[in-house]
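Overview (structure and organization)
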Amino acid sequence: MGRRHLLAAPCLGRVLMKAMLKKYHSWAVPVAASLAVTAAGIWHACTGSAVVRFEKPITIVVTFPPGGGTDLLARRLGAAMQQRLGQSVVVENRPGASGNIGASAVAEAAPDGATLLMVNSSFAINPGVYRHLDFDPRRDFKAVFNVGSIASVLVVPSQSSVRNLYDALAGATIGQPLSFASCGNGTPQHMAGEMLAQAAHANLQHVPYKGCGPAITAVAATQLPVAVVTASSAAPLIAAGRVRAIAVTAPARVASLPDVPTMAEQGLAGFAVEQWHGLLAPAATPEPVIARLHQVLTQILAEPEMLQALREQGYTPAGESAAQFGKLIAADIERYAAVTAQLGLTVD
């Protein structure tokens, strides 16, 4: 018996003794709950705390292709989780349909904590854009951890003569359509582009890609004149001089791109679109497993190296409780449903 289990024995004995002293047969239910065992973890109840031991590899399903901001973040977190949990953590990319393919797979996964879903705000946008989903985002998932939020950025090829938002939209405001790449239908970048078109009275044509990585690569190759992508996806290509950033969608300038003005600074007062990134689990995942994952991720986010890396990539760390994250998701589902209805956005 390992040291952890030896330490757990007195606690477990107290739980059993307390239950047996009860006069009524209802003791069986709380004892069963205290001794619950899943494929992913073994836990025990004592003084309100829970210990979870993961017994098999953890898979983080990323709903976008390799190379994008969500993928890079999942891989960084997965490596840190592996070190702290002593268990293999694998990142599996399942792109398509703005994240719906990967989400559907995780919704049907065993609720044992061994399969997690890495999502961004697209998860809250999709119910308003896709009329036919294979899952219910409100009922089929449980919030685990909100990593943080990030702005999107408008980029143009480095060879382009465009230097600011006015230049980019000059032609589009007089009738000539301006094609813009995004990270996919229903993504926050798609929403930002559509909201930009509405706010600037511009004629913009959406060209969806399967992730921010392919979208920004297309612009770097001059296949399209402009893209709206996450700041984290754009950062390497901006640093390499392959694309130029002309505006950020956040309400204030971002630390990773301090010289890039906001949309509001360039004449679109009140314009602000940010996206959060977080982890979800299947809805029936036990609370002790959620709590253990949240604890580990909170510790990871508190590491100075992790904080610095996130901020350099443009993230504002969150680290709120799982319950708070769940409320944020629910509120965003309602908020984006109203926006998509107003804009008349549907993709199926």
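Before going into details, it helps to say that this report is about the structure given with it. This is a predicted model, so every value here is computed, not measured.

Examining the pattern of salt bridges
Overall, the coordinates contain 10 salt bridges when judged by the stated rule. For the salt bridge of glutamate 92 with arginine 94, the shortest nitrogen-to-oxygen distance reads 3.8 Å. The exposure class assigned to glutamate 92 is partly exposed, which follows from its relative accessible area of 33%. Judged by relative accessible area, which is 33%, arginine 94 ranks as partly exposed. For arginine 335, the salt bridge is made with aspartate 332, and the minimal N-O distance between the two is 3.4 Å. Placement of the pair is arginine 335 and aspartate 332 together in helix H12 (residues 322-343), with a separation of three residues, close to one helical turn. Relative accessible area serves as the criterion here: at 7%, aspartate 332 is assigned to the buried category.

Observations regarding the state of the cysteines
Summed over the entire model, instances satisfying the criterion amount to one disulfide. Two residues share a disulfide in this structure: cysteine 183 and cysteine 212, whose sulfurs sit 1.9 Å from each other. Sign of the S-S torsion, about 95 degrees for the bond between cysteine 183 and cysteine 212, identifies this disulfide as right-handed. Of this pair, cysteine 183 sits in the loop between strand S7 (178-182) and helix H7 (188-200) while cysteine 212 sits in helix H8 (residues 212-220), and the two are 29 residues apart along the sequence.

Observations regarding helix H4 (residues 100-107)
Helical geometry: 3.6 residues make up each α-helical turn, so side chains three or four residues apart lie on a common side. Among the residues of H4, Asn100, Gly102, Ala103, Ser104 and Val106 are the ones counted as buried. As for H4, its buried residues are in contact with strand S3 (58-62), strand S5 (115-120), helix H5 (122-129), strand S6 (141-157) and strand S11 (274-282).

As for unusual backbone geometry
Backbone geometry places histidine 201, a non-glycine residue, at a positive phi of 55 degrees. Mapped onto the fold, histidine 201 is located in the loop between H7 and strand S8 (204-208). The exposure class of histidine 201 is exposed, given its relative accessible area of 67%. Of note, threonine 222 is a non-glycine position whose phi angle comes to about 65 degrees, a positive value. In this structure, threonine 222 sits in the loop between H8 and strand S9 (226-230).

A short note on the packing of aromatic side chains
As enumerated under the stated definition, the model contains four aromatic pairs in all. Three or more aromatic residues link up through ring pairs in this structure, and these residues are Phe123, Phe135 and Phe141. The ring of tyrosine 336 carries arginine 335 above its face, with NZ or CZ at 4.5 Å from the centroid.

Some thoughts on the environment of arginine 84
For arginine 84, the position within the fold is in helix H3 (residues 69-85). For the pair arginine 84 and glutamine 299, spaced 215 residues apart in sequence, the C-alpha to C-alpha distance is 9.1 Å. Setting aside anything within four residues of it in sequence, one finds arginine 84 in contact with Val296, Gln299, Ile300 and Glu303.

Focus on the pairing of S11
With eight of nine residues buried, S11 is to be regarded as a mostly interior element. When S5 meets S11, the two strands line up antiparallel, connected through four bridges. Paired with leucine 117 across the two strands is leucine 280, which belongs to S11. In this sheet, S11 lies alongside S6 in antiparallel orientation, the contact comprising nine bridges.

Considerations on the packing of H7 against H12
The interhelical angle for the contact between H7 and H12, taken along N-to-C directions, is 50 degrees, at an axis separation of 11 Å. Here H7 lies oblique to H12, going by the angle between them. Along this stretch, H7 crosses H12, giving a crossing that reads as left-handed. Contact with H7, carried on its side by Met191, Glu194, Met195 and Gln198, involves Tyr336, Val339, Thr340, Gln342 and Leu343 of H12 and no other residues of that element. When its residues are assigned to classes, the contact of H7 with H12 shows five nonpolar, three polar and one charged.

A look at the pairing of S8
Alignment of S7 against S8, held across five bridges, turns out to be parallel. Among the inter-strand pairings, alanine 181 is bridged to a residue of S8, identified as valine 207.

With respect to the side chain of serine 121
Position of serine 121 relative to the elements: it lies in the loop between S5 and H5. Owing to a relative accessible area of 0%, serine 121 belongs among the buried residues under this scheme. Residues in contact with serine 121, not counting those within four places in the same chain, are Pro188, Glu274, Gln275 and Trp276.

Description of H5
Counted residue by residue, H5 has six buried out of eight residues, so it is predominantly covered. Every buried residue belonging to H5 is among Ser122, Phe123, Ala124, Ile125, Asn126 and Val129, and all of these are buried. Looking at the buried residues of H5, the elements they touch are H4, S5, S6, H7, S11 and H12.

So, how was this worked out
Residues numbered from 1 in each chain as written. Predicted model: local features only at pLDDT ≥ 70, side-chain atom pairs only at ≥ 80, totals over all residues. Heavy atoms only, no water. Salt bridge = Lys/Arg side-chain N within 4 Å of Asp/Glu carboxyl O. Buried < 20%, exposed > 50% of the residue type's maximum accessible area, 1.4 Å probe, protein only. Helix = DSSP H or I, 4+ residues; strand = E, 2+ residues; numbered from the N terminus. Disulfide = S-S within 2.5 Å. Contact = heavy atoms within 4.5 Å. Phe/Tyr/Trp six-rings, centres within 6.5 Å; stacked < 30°, edge-to-face > 60°. Lys NZ or Arg CZ within 6 Å of the ring centre and 35° of its normal. Pairing = 2+ DSSP bridges. Axes fitted to C-alpha atoms, helices over the stretch in contact; angles between N-to-C directions. Parallel < 35°, antiparallel > 145°, perpendicular 65-115°, else oblique. Left-handed = near helix turned anticlockwise from the far one by under 90°. Nonpolar A, V, L, I, M, F, W, Y, C, P; charged D, E, K, R; others polar.

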